[in-house]
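Below, each chain spelled out in residue letters.
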Amino acid sequence: MKKAYCKTALTKFFNDFKDFVSLHRKILILYVILCVILIPISWQQDVYDWYFVVGKLVSEGKNVYEPLNVQAIIKRGDTGQWGYPPLFLPLFSFSYIVSAVINLPFHVVCKSLVAFVNVLVAMELEKIAKSSRVVALYLFNPLILVSTIMQGFFDVLVIFFILLALKSLNKTSSAAYMGLSSLCKQTAWPLIPFFVVLNLNIKWFFFFLSLVVAGLLPFLMLNFQAVMEAVVIQHQARIGISPWSTIVKFASISGPLIQWLNICVATTQLVLIVLLAVTVRGKLKSSNSLDKTKIFEYFLLYELVSLTFVYLVVPPVPHFLSYLLVPTILLMATHPEFKYPYIFLSITGYVVFTMDQGLRHTVFHYNVWAGPIYLGYYHLELLVWIVGACLSLIMYTSFFFTFYKVWRRDTQ
Amino acid sequence: MKDKMPLVSVILIAIILSLSELYVFLGLPIHVVRNGSFDEGLNYWNAEMIEGEELVNVSLGDGSNQHPSENFHCPLTLSRINMTWPPHNYIWVKMYQLLPEHTLVESSALKFRMMITKTDFERLSSESDAMMIYVGFMISRGLEKKFLVYAWVLFETRLTRITVDTFNELAFWRIVRLEKSEQRLSENFEITSTTSIWKDLEHQEDWVDGDWKIGHERAEGIEVGIMLWNVETPDFSWRLNVYLDHLDITYYWLDNLMP
């Protein structure tokens, strides 16, 4: 029975993919050309050295949640310790093995996978929006181009699972997709309450929790403390404590009080997010809950506000903004007003990338860039901060203006 | 076409921004080179943290504000480094000084002497995996720049090995010499070294003879740095004081100054 179901699902997927490719042949050829040009010449050096080390260690069967001190390279990978949930690990180890076998640079293999997931996201977007224009809007968006095929972040996989979860919102399968996205990266965690409160049933919650626990269990059994430190404590920024600690620092509080304050901040964030999710549920129930557009509207708003609770402001870097961009593109199919947030999100992410991420992480590897890169790291920091803050404000304004306009029109 | 307007406008804005940013960046005079780390206008030793953020303080003792003398003899004492719960497992402190313009000649030499007390050395080696001290010279020939590094590895572990490849990613770096100490912990740690820079450079595989210069106008000079790997952080109040006594660098660029 299960075998037949899997076979049907796979056949359906391949047929859908074939149809998608034949329908968007020109766009995809252009996308492949862009990938062929951009993938080999750019990668995020520090991050990709880390991915490489971790991919190598995983393929050697080592527990990457323990600091292994593999070698003293002056980069993030210097201890070989992974700082996220485990679902990206098979992708890195697969990329490591393939790159060794076919003698291609690791980042090229890894980013080709990212590009493929990008195409899958575009395919799902088209299915959900029932509009073919979303494909180009997504694939050729500068923000998506830099965060995926240039920087090579795998956040796009988290987004893919979130999209699938949204598509099957009231079904148990959404629990599986949310479970998978939560096992990828902590950025998906603030979105969990949204799906939980819209699926208040034991079966959904059990399914979700079982998947998450099953994914983490082998690593927790190997070294519980190391996993907790690497996934939760080390990456506090991913769950939101760290940006708030800047405020705590300004308040000149020291000693154990800081830890208590951090716990208070984290608890407050959790409470606010749950309250937000409950409010969204109430709003959705009072409106037409079968209206998919309404769900996406509320999801986007939930994403925006919850990420603001968690990060103080949504970090204006491409791989964070892409979480907001995807539902924005979906909504553009029904509400043309969402073109404003689309434009401001893209530009904000792109500017901050070129001024901060691109410079700081040495994305391009040419001598001509060496000067501006290092100049950028230290001397543009304040400028990047000011520009990023101003653009973020414009971005927020564009979102709330759009929501105001759309909802006002709906009530008329 | 109307459907494609948002995408077209976003792509156009991105292209215009890229071009204008590129124009601005490339048009700016590049005074600062990270990892070569010299700053125009500074003619005294300056301390800088690369990794470890503001939690690590460096204060310079005697000799900290000495202007480079005419004979290029610059004694320096790095008196103290305080470290409180470094957020990184890699710490890099360095000091640098601009120098008057001078051409690298055959007699150019480096004399380096440094001592760490036994107590500090014991603690450093027990609380971190590896430690290195280096002296670097930023030199240039036309538009080409190189940062020549003499490095001494004080200690390392089997898993944290410091090699020339460790510094592959650092811009302009050229490790001229990497010496590893085998000194035991039973006494104060000392390094005394005198070497001919010219001869060391001649041994480099791809070295090109030419008019290599250090020059204040091009923001070039000498740098002393300390790197610590994988510092253990037992608790939030962890603190480490390092006292480097008698850190003394003398370097010569003229024939008649060679001892």
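The text that follows walks through the structure, step by step, so that each part is easy to find. As the structure is a prediction and not an experimental result, all values here were calculated from the model.

Further remarks concern the pattern of salt bridges. Overall, the coordinates contain 14 salt bridges over all chains when judged by the stated rule. The salt bridge involving glutamate 60 of chain A is made with lysine 56 of chain A; its shortest N-O contact spans 3.1 Å. By relative accessible area, glutamate 60 of chain A is classed as partly exposed at 40%. Glutamate 156 of chain B is the partner of arginine 161 of chain B in a salt bridge, and the nearest nitrogen-oxygen pair spans 3.3 Å.

Moving on to the environment of phenylalanine 172 of chain B. Relative to the helices and strands, phenylalanine 172 of chain B resides in the loop between strand S8 (144-155) and strand S9 (173-180). Counting along the chain gives 24 residues from phenylalanine 172 of chain B to leucine 148 of chain B, while the straight-line C-alpha distance between them is 8.2 Å.

Turning to the packing of helix H9 (residues 173-182) of chain A against helix H11 (residues 202-222) of chain A, a few remarks are in order. All names here are of chain A. Direction vectors running N to C along H9 and H11 enclose 30°, while the axes themselves pass 8 Å from each other. Relative to H11, H9 is oriented roughly parallel. As H9 packs across H11, the resulting crossing turns out to be right-handed. Between H9 and H11, the residues in contact are Ser174, Ala175, Ala176, Met178, Gly179, Leu180 and Ser182 and Trp204, Phe207, Phe208, Leu211 and Val212, respectively. The class makeup of the residues in the contact of H9 with H11 is nine nonpolar, three polar and no charged.

If you look at the biggest cluster of nonpolar residues, it comprises 131 residues, and the most contacted ones within it are Trp82, Phe92, Tyr138, Phe195 and Leu324 of chain A. Among the elements that take part in this core, helix H5 (residues 106-129) of chain A stands out by supplying 14 residues, more than any other. Among residues more than four places away in sequence, those in contact with tyrosine 138 of chain A are Asn118, Val121, Ala122, Leu125, Ile144, Val156, Val326 and Ile329 of chain A. With 29 residues, the next largest nonpolar core counts Met114, Ile133, Val135 and Trp152 of chain B among its residues.

Once that is clear, we can look at a nonpolar patch on the surface. Residue and element names in this part refer to chain A. On the surface, Phe205, Leu209, Val213, Leu217 and Met221 cluster together into a nonpolar patch covering about 470 Å² of accessible area. Turning to its location among the elements, phenylalanine 205 is positioned in helix H11. Residue phenylalanine 205 is classed as partly exposed on the basis of its relative accessible area of 40%.

On to H11 of chain A. Residue and element names in this part refer to chain A. The end-to-end C-alpha separation of H11 is 29 Å, in line with the 30 Å expected for 21 residues at 1.5 Å each. Leucine 216 marks the point of greatest bend in H11, at about 45°, and the proline proline 218 comes within the next four residues. If you check which residues of H11 are buried, you get Trp204, Phe208, Val212, Leu216, Phe219 and Leu220. The distance from a side-chain oxygen at the start of H11 to the backbone nitrogen of lysine 203 is 3.2 Å, and the residue carrying that oxygen is asparagine 201.

About the thresholds
- Residues numbered from 1 in each chain as written.
- Chains lettered and ligands numbered in written order.
- Predicted model: local features only at pLDDT ≥ 70, side-chain atom pairs only at ≥ 80, totals over all residues.
- Heavy atoms only, no water.
- Salt bridge = Lys/Arg side-chain N within 4 Å of Asp/Glu carboxyl O.
- Buried < 20%, exposed > 50% of the residue type's maximum accessible area, 1.4 Å probe, protein only.
- Helix = DSSP H or I, 4+ residues; strand = E, 2+ residues; numbered from the N terminus.
- Axes fitted to C-alpha atoms, helices over the stretch in contact; angles between N-to-C directions.
- Parallel < 35°, antiparallel > 145°, perpendicular 65-115°, else oblique.
- Left-handed = near helix turned anticlockwise from the far one by under 90°.
- Contact = heavy atoms within 4.5 Å.
- Nonpolar A, V, L, I, M, F, W, Y, C, P; charged D, E, K, R; others polar.
- Core = buried A, V, L, I, M, F, W, Y, C linked by side-chain atoms within 4.5 Å.
- Patch = residues over 30% accessible without salt bridge, like charges linked within 9 Å, V, L, I, M, F, W, Y side chains within 5 Å.
- Areas by Shrake-Rupley, 256 points an atom, 1.4 Å probe, with all protein chains shown as cover.
- Expected span 1.5 Å × (residues − 1).
- Bend = angle between axes of the 7 residues up to and from the residue.
- Polar contact = N/O pair within 3.5 Å; in protein donor to acceptor, adjacent residues only side chain to side chain.

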